[in-house]
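Overview (structure and organization)
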Amino acid sequence: MGTEVKSVLMNKNVVEFATVAVEFCNFLEHSESRSRKDFVAVALKILPLLYLKASMLEPMEIEDEMELEDTVTEDTYNVMRITIAGILGEQDDYLDVFVQEMKYSDKPVLKTISEDLADIYQDISNFLSIFKLGLETTMHDSLAQVQQNFELYWGQTLVNTMRALHDVCYNQRADEEEDSSLQTDFE
């Protein structure tokens, strides 16, 4: 690996993607004390940035066939998922029509925002752990892998989750406004 790899790894789009990826992981890792309203508001701002920055990465191929180490353990994943589910409560579930299972069914599939965000977190955090080591070969391959996973999986998951979060944010407001107008009518 030479100058070409360094220029790819340190180009503006890669640096911006890594920066947003760090912010995304920090947001989720420190969300346990957030209210639902605050969590959803921040998520609806950071997720589009993550999608945008991932979509701007130049296509890359994995160069070394050595499997990259996953640093997010099952326990870490579950803590993340449970924390987010606790914040979202009954608003965690949503119906999704953009999943493979829908090809063979006429009914939407029940998904959870918490699992979707934990899935995205797992891939992004694994990428960042390897990228932070500073070894050119593994940095390159972790970037190529996270980019491929974005195209194949978590990019669509992110968009679906944003739709569900949008619903939580704006339909919740409409429900609250309706509840407050009903209270006013009866007073």
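Everything below is about the structure shown above.
The rules behind each value
Residues numbered from 1 in each chain as written. Predicted model: local features only at pLDDT ≥ 70, side-chain atom pairs only at ≥ 80, totals over all residues. Heavy atoms only, no water. Salt bridge = Lys/Arg side-chain N within 4 Å of Asp/Glu carboxyl O. Helix = DSSP H or I, 4+ residues; strand = E, 2+ residues; numbered from the N terminus. Buried < 20%, exposed > 50% of the residue type's maximum accessible area, 1.4 Å probe, protein only. Axes fitted to C-alpha atoms, helices over the stretch in contact; angles between N-to-C directions. Parallel < 35°, antiparallel > 145°, perpendicular 65-115°, else oblique. Left-handed = near helix turned anticlockwise from the far one by under 90°. Contact = heavy atoms within 4.5 Å. Nonpolar A, V, L, I, M, F, W, Y, C, P; charged D, E, K, R; others polar. Phe/Tyr/Trp six-rings, centres within 6.5 Å; stacked < 30°, edge-to-face > 60°.

Points about the pattern of salt bridges
Enumeration over the complete set of coordinates arrives at five salt bridges. The salt bridge partner of Lys-12 is Glu-16, with a shortest N-O separation of 3.8 Å. Residue Lys-12 and its partner Glu-16 are both found in helix 2 (residues 12–29); the two are separated by four residues, about one turn of the helix. When its relative accessible area of 60% is taken as the criterion, Lys-12 is described as exposed. The class for Glu-16 is partly exposed, based on a relative accessible area of 23%.

What to know about the packing of helix 2 against helix 5 (residues 113–131)
Where helix 2 contacts helix 5, the two axes come as close as 10 Å, and the packing angle between them is 125 degrees. By the angle class used here, helix 2 and helix 5 are oblique. Note that helix 2 runs across helix 5; the crossing there is left-handed. Touching Val-14, Phe-17, Ala-18, Ala-21, Val-22, Phe-24, Cys-25, Leu-28 and Glu-29 of helix 2 are Leu-117, Ile-120, Tyr-121, Ile-124, Ser-125, Phe-127, Leu-128 and Phe-131, all from helix 5. A per-class count over the contact of helix 2 with helix 5 returns 15 nonpolar, one polar and one charged.

Some thoughts on the environment of Leu-95
Looking at where Leu-95 falls in the secondary structure, it is placed in strand 1 (residues 93–96). Considering only alpha carbons, one finds Leu-95 and Lys-111, 16 residues apart in sequence, at a separation of 6.0 Å. Those residues in contact with Leu-95 that sit more than four places away from it in its chain are Pro-108, Val-109, Leu-110 and Arg-163.

Observations regarding the packing of aromatic side chains
Per the stated rule, a full pass over the model turns up five aromatic pairs. Relative to Phe-131, the ring of Phe-127 lies with its centre 5.0 Å away and its plane at 40 degrees, an arrangement referred to as tilted. In this pair, Phe-127 and Phe-131 both sit in helix 5, four residues apart, roughly one turn of the helix. Judged by its relative accessible area of 12%, Phe-131 falls in the buried class. Through a chain of ring-to-ring contacts, the aromatic side chains of Phe-17, Phe-127 and Phe-131 assemble into a single cluster.

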